[in-house]
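# A look at the structure
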Amino acid sequence: MKRPKLRKASKRLSCHKRYKIQKKIREHHRKVRKEAKKRGHKKPKKDPGIPSAAPFKEELLREAEQRKQRLEELKQKQKLNRQKEHEKKRKLEAKKNAATIEEKAEGKDSSGKSKGKTKKTLNKNSKKSCCRELMKVLETSDVVLEVLDARDPMGCRCPQLEQAVTSSGGNKKLLLVLNKIDLVPKDNVEKWLNYLKKEFPTVAFKSATIMKDKTMQVQVTKRHARVDFAETSQYFGSKCLLKLLQGYGKTQDKAIRVGVVGFPNVGKSSIINSLRGKRACNVGLTRGVTKSMQIVQLDKQTKMLDSPSIIADPSNSALALALRSIIDPEGSDSADVLEGVNAIINHCSKQQVMMHYNIPDFRDSEEFLSLLARKRGMLKKGGVPDIENMAKLVLCDWTGARVKYYSQPPGFQKPPPYLTEQKIAEMQEGFNLNNLEQENSITVKALKHPTPANSIAFQSAGMTNGTIEENKVIEKGPEWGNMETSKEEEEEEEDEEEFTESDDDEDDVEEDDDDDDTREESQVQVTRKAKPGKRQTNPTNSKEQRAGNERSRSLSFSLDKPADEDDAYDFNTDYV
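The structure displayed is predicted, hence computed values, not measured ones. (Residues numbered from 1 in each chain as written. Predicted model: local features only at pLDDT ≥ 70, side-chain atom pairs only at ≥ 80, totals over all residues. Heavy atoms only, no water.)

With that settled, the discussion passes to the overall build of the protein chain. Along the backbone of the protein chain there are 20 helices and 10 strands. In the protein chain, of all internal contacts separated by at least 6 residues, the share reaching a separation of at least 24 is 78%. A total of about 35500 Å² of accessible surface is found on the protein chain, and carbon and sulfur atoms cover 50% of it. (Helix = DSSP H or I, 4+ residues; strand = E, 2+ residues; numbered from the N terminus. Contact = heavy atoms within 4.5 Å. Areas by Shrake-Rupley, 256 points an atom, 1.4 Å probe, with all protein chains shown as cover.)

As structure tokens, this is what we get:
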């Protein structure tokens, strides 16, 4: 039997009820209007702006825009500080939870092997472990290859490393490999080869940045079919270096081990891949990819030892720390990145920088970054140029292989104090130097080099000091010396100390924020203090920089005024 359909309740109302609801609604709206009238709440009148006939209209509009930018920057700073505080608290809580979990796990596990493994994983990415692995490579290798960037060979040399190899004894040899010669003019490469060969045997080299293997071919044919590997997969100078090492192995009548050392992003792993003919070591654009010693067998008589990068000493100049230290521009402090870019720009030819980036004249590095950000469309909300992200991109371009710049060798040959004539003769013993010169000339002629007009003239800061011994490593050093991978661990250690202190330290944090503001206003003076032995630029440039600092101080002074004294203009609105 079918169930009878239930009728839905009707929504119809009687007229009396409907009129009553409408009356109550009208009374409510009347009451709301009366209360608003008592409070005096009115619609904001639109600002008429500056009349077109007013004098100095453009200057007033420019000042308004600059004040608006300053206000937005202050808001972003406050927001970043709040985010940092939240991250510190979150990391502390996560670390406490991890510590309790580890204690429970250690209580359950009775064997000591698991404890040793956990300790190793914790200390694997620290600076001390990198120094330990580097010293292991230096001790076990018979020949040490110090890789230099051809754009700044003197800045890539580490006197502590060279002294450790030359004074070690045991017939240990040191060779210099001048990598990335395709980014430097031909005449400049020849000058550097003539300069360096008087101290150590030097090999001209151009490594392959991408090695094609089976997996790479599959990915290229399916997804990236238009990618051209003609330039990135070519390598020159590998035959010359192999002949040199094999000839030395024959004189020793034994299998030799060759260690490859150098600062970050000079191409250590790429050289091993080029000698092997295929991808044997991991290669990446970021710094600090190699974290431990890797052994690659070239042939029966030769073994290659890949090593982690040399850690730059914090006492180096701002330029050396920007180009040679293991920092991650994405994770590092924006003030340090801006300081590094400022040091790079001050050591270059200004006209060639303007020609390379196709931008007009600029007073300082901040104006250079703002012009470049506007040109490339890197803008924040309201059309403000994103200077911080632009600085990170510029630093990545200079440490990578995108920017073609070159530095001149010193005018006179002055070897370091640890290199005597006897040591130089010992380092050159066992190598066929005549054949090496011929092979170097062949590799230099075979490559296509940029002209001096297409590259940027760069003033080198000299040799870069590095820390090799594990005892001399300072884990809590300046941020330029922080490892890319161990940076989070060091921040967590600092967070513990900050949060164990009393609540009175909050006032000190506010004072530090004020110091950061003054630091940004006088960036040029900070970079001069960072490097005492730096050559000064032209006097005209220094006057322009002082004028720029005075303008920034006047702007900051105008920000401190109350709103009543500010000409009664609303600078939150855009008049342009």
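Taken together, six strands build an open sheet; the order of strands is β3-β2-β1-β4-β6-β5 and the sheet is mixed. Of all strands in the sheet, those with a lone pairing partner are β3 (202–204) and β5 (294–297), marking the two edges. Taking each pair of neighbouring strands and ignoring which way they run, the sheet shows an average axis angle of 25°. Relative to strand β4 (residues 256–261), strand β1 (residues 143–149) runs parallel, the two being bridged by four bridges. Each residue of the ladder has a partner; that of Val144, found in β4, is Gly259. Packing against the sheet, helix α5 (residues 159–166) makes contact with β1, β2 (173–179) and β4, and its axis sits at approximately 145° to β2. (Pairing = 2+ DSSP bridges. Axes fitted to C-alpha atoms, helices over the stretch in contact; angles between N-to-C directions.)

Turning to its location among the elements, Asn316 is positioned in the loop between β7 (311–312) and α10 (318–324). If we skip the residues at most four places from it in the chain, Asn316 touches Leu321, Thr464 and Asn465.

Together, Leu13, Ile21 and Ile25 make up a nonpolar patch on the protein surface, roughly 260 Å² of accessible area in all. Assignment of secondary structure puts Ile21 in helix α1 (residues 15–39). (Patch = residues over 30% accessible without salt bridge, like charges linked within 9 Å, V, L, I, M, F, W, Y side chains within 5 Å. Salt bridge = Lys/Arg side-chain N within 4 Å of Asp/Glu carboxyl O.)

Before going further, it helps to examine the pairing of β2. With respect to burial, β2 is a largely interior element, seven of its seven residues being buried. The alternating pattern of β2 places Lys173, Leu175, Val177 and Asn179 and Leu174, Leu176 and Leu178 on opposite faces, both of which are buried. As defined by bridge partners, β1 adjoins β2 across seven bridges and the pair is classed as parallel. Bridged to Leu148 within β2 is Leu178. Read as a crossover between parallel neighbours, the route from β1 over α5 to β2 is right-handed. One crossover worth recording links β2 to the parallel β3 by way of helix α6 (residues 186–196), and it is right-handed. (Buried < 20%, exposed > 50% of the residue type's maximum accessible area, 1.4 Å probe, protein only. Right-handed = clockwise from strand over helix to strand, strands pointing away.)

This part covers the environment of Ser167. Tracing the backbone through its elements, the reader meets Ser167 in the loop between α5 and β2. With relative accessibility at 53%, the residue Ser167 sits in the exposed group. Separated by 251 residues in sequence, Ser167 and Tyr418 place their C-alpha atoms 8.3 Å apart. One polar contact links the side chain of Ser167 to the main-chain carbonyl oxygen of Gln163, over a distance of 2.5 Å. (Polar contact = N/O pair within 3.5 Å; in protein donor to acceptor, adjacent residues only side chain to side chain.)

This brings us to the packing of aromatic side chains. A full pass over the atoms with the stated rule returns seven aromatic pairs. Between the aromatic rings of Trp192 and Tyr195, the centroid separation amounts to 5.8 Å while the plane-to-plane angle is 85°, which identifies the pairing as edge-to-face. Taken together, the positions of Trp192 and Tyr195, both in helix α6 and three residues apart, correspond to about one turn of that helix. The class of Trp192 is buried, set by a relative accessible area of 1%. Note on Tyr248 and Phe431: the rings are 5.0 Å apart at their centroids and 20° apart in plane angle, and the pair reads as stacked. Of the two residues, Tyr248 is situated in helix α8 (residues 238–252) and Phe431 in the loop between α15 (421–428) and α16 (433–446); the sequence distance between them amounts to 183 residues. Comparing Tyr248 with Phe431, the two get one shared label, buried. Through a chain of ring-to-ring contacts, three or more aromatic side chains come together here, namely Tyr357, Phe362 and Phe368. The side chain of Arg18 reaches across the aromatic face of Tyr19, ending 5.6 Å from its centre. When the ring centre of Phe362 is taken as origin, the NZ or CZ atom of Lys350, which lies over that ring, is 5.2 Å away. (Phe/Tyr/Trp six-rings, centres within 6.5 Å; stacked < 30°, edge-to-face > 60°. Lys NZ or Arg CZ within 6 Å of the ring centre and 35° of its normal.)

Another point: the environment of Ser441. Following the sequence through the fold, Ser441 ends up in helix α16. Given the relative accessible area of 33%, Ser441 is considered partly exposed. Placed 248 residues apart in sequence, Ser441 and Leu193 show a C-alpha to C-alpha distance of 9.7 Å. From its side chain, Ser441 meets the backbone oxygen of Gln438 in a polar contact 2.6 Å long.

With phi around 65°, Lys180 is a residue other than glycine that occupies positive phi space. Inspection of the secondary structure assignment puts Lys180 in the loop between β2 and α6. In this structure Lys180 comes out as buried when scored by relative accessible area, which is 12%. Non-glycine residue Asn265 carries a positive phi angle of around 60°.

Turning to the environment of Phe362, a few remarks are in order. Its location among the elements puts Phe362 in the loop between α12 (350–357) and α13 (365–376). Using a relative accessible area of 4% as the deciding quantity, one classes Phe362 as buried. For the pair Phe362 and Lys350, spaced 12 residues apart in sequence, the C-alpha separation works out to 8.8 Å.

Next up on the list: the pairing of β4. Within β4, five of the six residues are buried, which leaves it mostly tucked inside the rest of the structure. Relative to strand β6 (residues 302–306), β4 runs parallel, the two sharing five bridges. Residue Val258 lies in a different strand from β6, and its bridge partner there is Met304.

With the rule as written, the count across this model stands at 12 salt bridges. In this structure, Lys254 engages Asp142 in a salt bridge whose closest nitrogen and oxygen atoms are separated by 3.9 Å. Of this pair, Lys254 sits in the loop between α8 and β4 while Asp142 sits in the loop between α4 (127–140) and β1, and the two are 112 residues apart along the sequence. Taking the relative accessible area as the measure of exposure, Lys254 reaches 40% and is therefore partly exposed. As a salt-bridge pair, Lys243 and Glu439 come within 3.5 Å of each other at their nearest N and O atoms. Separated by 196 residues along the polypeptide, Lys243 in helix α8 and Glu439 in helix α16 bring together distant segments of the chain.

Okay, the packing of α6 against α16 next. For the pair α6 and α16, interaxial distance at closest approach is 10 Å and the crossing angle is 160°. The angle between α6 and α16 places the two elements in the roughly antiparallel class. Crossing handedness for the pair α6 and α16: right-handed. On the side of α6, the interface is formed by Lys186, Val189, Glu190 and Leu193, while α16 contributes Asn440, Val444 and Lys445. Grouping the constituent residues of the contact of α6 with α16 by class yields three nonpolar, one polar and three charged. (Parallel < 35°, antiparallel > 145°, perpendicular 65-115°, else oblique. Left-handed = near helix turned anticlockwise from the far one by under 90°. Nonpolar A, V, L, I, M, F, W, Y, C, P; charged D, E, K, R; others polar.)

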